[in-house]
Amino acid sequence: MALRFGTDVSTTETGYGTVLLDQRNGQYWELNPTATLIVRVLMESGDETAAVEALTGAYDIDRAAAEADVAELVAELRTSGLAA
């Protein structure tokens, strides 16, 4: 299933990643370029394996660390209520 931000979440790409605004509580979240890449791939395909491959292809990171990073980011976005 593709990652989707809630309707109360605004996104803006910056020179250093993406800023999210949770309009329900006014809280800002900043995604670094690595997290932005993960989110972009997940929003397009919903495939965590594709996000891991994009991450290992773009950055000097081993597969196990990339898998952990993708899983942690997805869990945090869902737990915070920013994404479904």
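Residues numbered from 1 in each chain as written. Predicted model: local features only at pLDDT ≥ 70, side-chain atom pairs only at ≥ 80, totals over all residues. Heavy atoms only, no water.

Peer 1: Teacher, can you tell me more about the environment of Leu21 here?
Peer 2: Mapped onto the elements of the fold, Leu21 is located in strand β2 (residues 17-22). The exposure class assigned to Leu21 is partly exposed, which follows from its relative accessible area of 21%. Between the C-alpha atoms of Leu21 and Arg78, which are 57 residues apart in sequence, the distance is 15 Å. Once you skip the residues sitting within four places of it in the chain, Leu21 turns out to touch Asp8, Val9, Ser10, Gly26, Gln27 and Tyr28. (Helix = DSSP H or I, 4+ residues; strand = E, 2+ residues; numbered from the N terminus. Buried < 20%, exposed > 50% of the residue type's maximum accessible area, 1.4 Å probe, protein only. Contact = heavy atoms within 4.5 Å.)

Peer 1: When you look at the packing of helix α1 (residues 33-45) against helix α3 (residues 63-79) in this model, what are you seeing that I'm missing?
Peer 2: Two packed helices can be described by the angle between their axes and the distance between those axes. It is at 11 Å that the axes of α1 and α3 come closest, and there the two elements cross at 75°. With respect to α3, the axis of α1 lies roughly perpendicular. Note on element contacts: α3 touches α1 through Val70, Leu73, Val74 and Leu77, opposite Ala35, Ile38, Val39 and Leu42. Its residues placed into classes, the contact of α1 with α3 shows eight nonpolar, no polar and no charged. (Axes fitted to C-alpha atoms, helices over the stretch in contact; angles between N-to-C directions. Parallel < 35°, antiparallel > 145°, perpendicular 65-115°, else oblique. Nonpolar A, V, L, I, M, F, W, Y, C, P; charged D, E, K, R; others polar.)

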